[in-house]
Amino acid sequence: MTEIISRLMTASSLLLLALLSSTTSVRTASAFVTPASTLQQRSDNLLRNNAAPPPSASSSSSSSTALRMEVIECDVAIVGGGPAGCTCALYTSRADLSTVILDKNPASGALAITSHIANYPGVDRTMSGAELLERMKDQAVQYGTRYERAQVFMIDVKSDETGDERYTKCVYTPDYTVKARSLVLATGAMGRVGKPFPGEKELLGSGVSYCATCDGAFYRDAVVAVYGASTEAIEEALYLTKFAKTLHWITSVDISRETESGLERNKVLDQDLLAQLYDCENVEHLEQTRLVEVQGDPMTGVTGVKVRRRGAQEDELIEVEGAFIYGAGGGSKPMTDFCQSKVELDESGGVIVDEDMKTSCDGVFAIGDIRNTDYKQVVVAASDGCIAAMSIEKFLNNRKMVKVDWIHK
């Protein structure tokens, strides 16, 4: 266990050096990139939590999280469980390459929130995006893919970073360290876009966060705010209830409304998760309230958020120590904050690849909307996954030619 933690802390130090030496163009492409200091804090947090007892299912405050740091070794690690990632996993698993998918939230991707799929070949037009995605995942798992729900917060992509000549890629999550011979980036393009709230960018890593799984344990017995009216925001808020004394869930829209037949809730959101969040005693919901500003200082952290309720003439200050900000329905920015400067990005923030889906780093591939192409379609993402899988099989087996398909008994 000490060796694993040491590896995490070493990786964070290397990441800090990489960030300091990264080019200005790369930093500009990722407006909401997580600071290296935060990544170091996350590794330190894992170390602190190693000796802490696990949270009680019924407790909403004064709880701790335990470190279940399992080390997984595989041929192919795929970050992202959308159509690109699942297709890639299907092909690599059929090629008898041990494959692991790390998926943050299967319910919040671009395909998962699509109500009907009418232009994917061979699929009935009444099928939902979530159903198609579930079938893709099941098919990959049937051929041997290991699927895990996990938030990736950092990667290492070279042997001098991982200290391993065979497993030259390392993916870090709060629960797993995945060591792989090749790495696929398939996290899509649902990241936050547009102008940040006043104070958001300045306090990112000092109380402002986009990842409750990564940073939640910093806020034991603290008051925090979660902004966003999406299933992702609800799931992140639920995780935070294990630690926070009080959680202010701020939404600019109505989540529920009174009708003649009774209380009606927003059907776009996951109803089970929504009910769980409402059942938490430490959650206060502010509907029809917009976030105006995050207040604090980069040295001392967040001190509060300014909000304005609908119809109010003045802003209201809520004292909090942490602000977790999520888009109302996702965005279109490639989700590359966990990559930092490990792969080259274009001016729009998309990962640069060649025709084989190879990135600027040997053995690292990028597929789907994370490339930020104009053709954001399910069939294109699936095609990317197929191409990457064949390229990976060629790369790992030192082939000169691509092997078109594999017979799997």
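Per chain, residue numbering runs from 1 following the sequence as it is written. Note on the predicted model: pLDDT of at least 70 is required for a residue's local features to be given, and 80 or more for side-chain atom pairs to be given and counted; whole-chain, interface and lining totals, by contrast, use all residues. With hydrogens and water set aside, each side-chain value is computed from the structure's full complement of heavy atoms.

**Looking at the overall build of the chain**
- The secondary structure listing takes helices from DSSP runs of H or I that are at least 4 residues long and strands from runs of E that are at least 2 residues long, numbered from the N terminus. Broken down by element type, the chain carries 10 helices and 17 strands.
- For each residue, the accessible area found with a 1.4 Å probe, counting protein chains only, is set against the maximum for its type, and the residue is called buried under 20%, exposed over 50%, and partly exposed in between. Taking all 409 residues of the chain together, the buried fraction comes to 54%.
- Look at the contacts in the chain between residues 6 or more apart in sequence, and 63% of them connect residues 24 or more apart.
- Working note: accessible area of the chain is about 18,800 Å², and carbon and sulfur atoms make up 49% of it. By the convention used here, residues are in contact when the closest approach between their heavy atoms is within 4.5 Å. All accessible areas in this document rest on Shrake-Rupley with a 1.4 Å probe, and a residue is counted as covered only by the protein chains that are shown.

**Quick notes on the sheet that holds strand β16 (residues 322-325)**
- Judged by pairing direction, the sheet is parallel, and its five strands sit side by side in the order β7-β16-β8-β9-β12 without closing on themselves. Each of the sheet's edge strands pairs with one partner strand only, and the pair in question is β7 (208-209) and β12 (283-286).
- As paired strands, β7 and β16 are joined by two bridges and run parallel to one another. In the strand pairing of β16, V208 is matched with A323.
- For helices, the axis comes from a line fit to the C-alpha atoms of the stretch in contact; other axes are also lines fit to C-alpha atoms, and the angle between any two N-to-C directions lies between 0 and 180 degrees. Relative to strand β8 (residues 223-227), helix α8 (residues 231-240) is tilted by about 170°, and along the sheet it contacts β8, β9 (246-250) and β16. A strand pair is defined by DSSP finding two or more bridges across the two strands.

**Brief notes about the pattern of salt bridges**
- Salt bridges are counted wherever a side-chain nitrogen of Lys or Arg sits within 4 Å of a carboxyl oxygen of Asp or Glu. The tally for this structure, following the rule as stated, stands at 14 salt bridges.
- A salt bridge links R146 to E70; its shortest N-O distance comes to 3.1 Å. Of this pair, R146 sits in strand β3 (residues 146-149) while E70 sits in strand β1 (residues 70-79), and the two are 76 residues apart along the sequence.
- On the basis of relative accessible area, R146 is assigned to the partly exposed category, the value being 29%.

**A closer look at the nonpolar core**
- Residue types Ala, Val, Leu, Ile, Met, Phe, Trp, Tyr and Cys, when buried and joined through side-chain atoms within 4.5 Å, form a set referred to as a nonpolar core. In this structure, I78, C88, Y120, L132, V184, I367 and I392 are the most contacted members of the largest nonpolar core, which totals 33 residues.
- Per element, the largest residue contribution to this core is seven residues, and it comes from helix α10 (residues 378-396).
- If we ignore the near neighbours within four places in the chain, the residues touching L132 are L111, I117, Y120, V123, M127 and V378.

**Considerations on the environment of V378**
- With respect to the secondary-structure elements, V378 resides in helix α10.
- Residue classification places V378 among the buried positions, given a relative accessible area of 18%.
- For V378 and G82, which are 296 residues apart along the polypeptide, the C-alpha to C-alpha distance reads 9.0 Å.
- Leaving out residues up to four positions away in the same chain, V378 has contacts with P83, L111, Y120, L132 and M136.

**With respect to the sheet that holds strand β14 (residues 301-309)**
- If you trace the three strands from one edge of the open sheet to the other, you get β13-β14-β15, paired in antiparallel fashion. The sheet is open, and its two borders are formed by β13 (289-297) and β15 (316-319), each paired with just one other strand. In this sheet, neighbouring strand axes are inclined to one another by 30° on average, regardless of whether the strands run parallel or antiparallel.
- Inspection of the sheet shows β14 paired to β15 by four bridges, in the antiparallel sense.

**Some details on the pairing of β8**
- Across the five residues that make up β8, a large majority, five, are buried.
- Burial of the side chains of β8 extends over both faces: V223, A225 and Y227 are buried on one face and V224 and V226 on the other.
- Looking at chain direction, β8 and β9 are connected through five bridges and run parallel. The partner of A225 across the bridge, within β9, is H248.
- Here is how to tell: hold the view so the strands point away, follow the path from the first strand over the helix to the second, and if it runs clockwise the crossover is right-handed. You can see the chain leave β8, run along α8 and come back into β9, and the turn it takes is right-handed.
- In terms of strand pairing, β8 meets β16 through four bridges, oriented parallel. The residue of β16 that forms the bridge with A225 is A323.

**Here we look at unusual backbone geometry**
- The phi dihedral of D221 is positive, around 60°, even though this residue is not glycine.
- For D221, the location among the structural elements is in the loop between α7 (212-215) and β8.
- Exposure remark for D221: the relative accessible area of 40% places this residue in the partly exposed category.
- The phi torsion at N372 lies on the positive side, around 60°, for a residue other than glycine.
- Position of N372 relative to the elements: it lies in the loop between β17 (364-366) and α10.
- By relative accessible area, which is 18% here, N372 ends up buried.

**Description of the confidence of the model for the chain**
- Taken over all residues, the pLDDT of the chain has a mean of 80, while the share at 70 or more is 75%.
- pLDDT is a per-residue confidence score from the predictor, ranging from 0 to 100. Confidence, read as mean pLDDT per element, is least for helix α2 (residues 24-29) in the chain (28) and greatest for β17 (98).
- Low confidence marks residues 1-36, where pLDDT is under 50. Its contacts with residues over four positions away, or in another chain, come to 71 contacts.
- This model gives residues 45-67 a pLDDT under 50, and the stretch forms 58 contacts once residues within four places in sequence are excluded.

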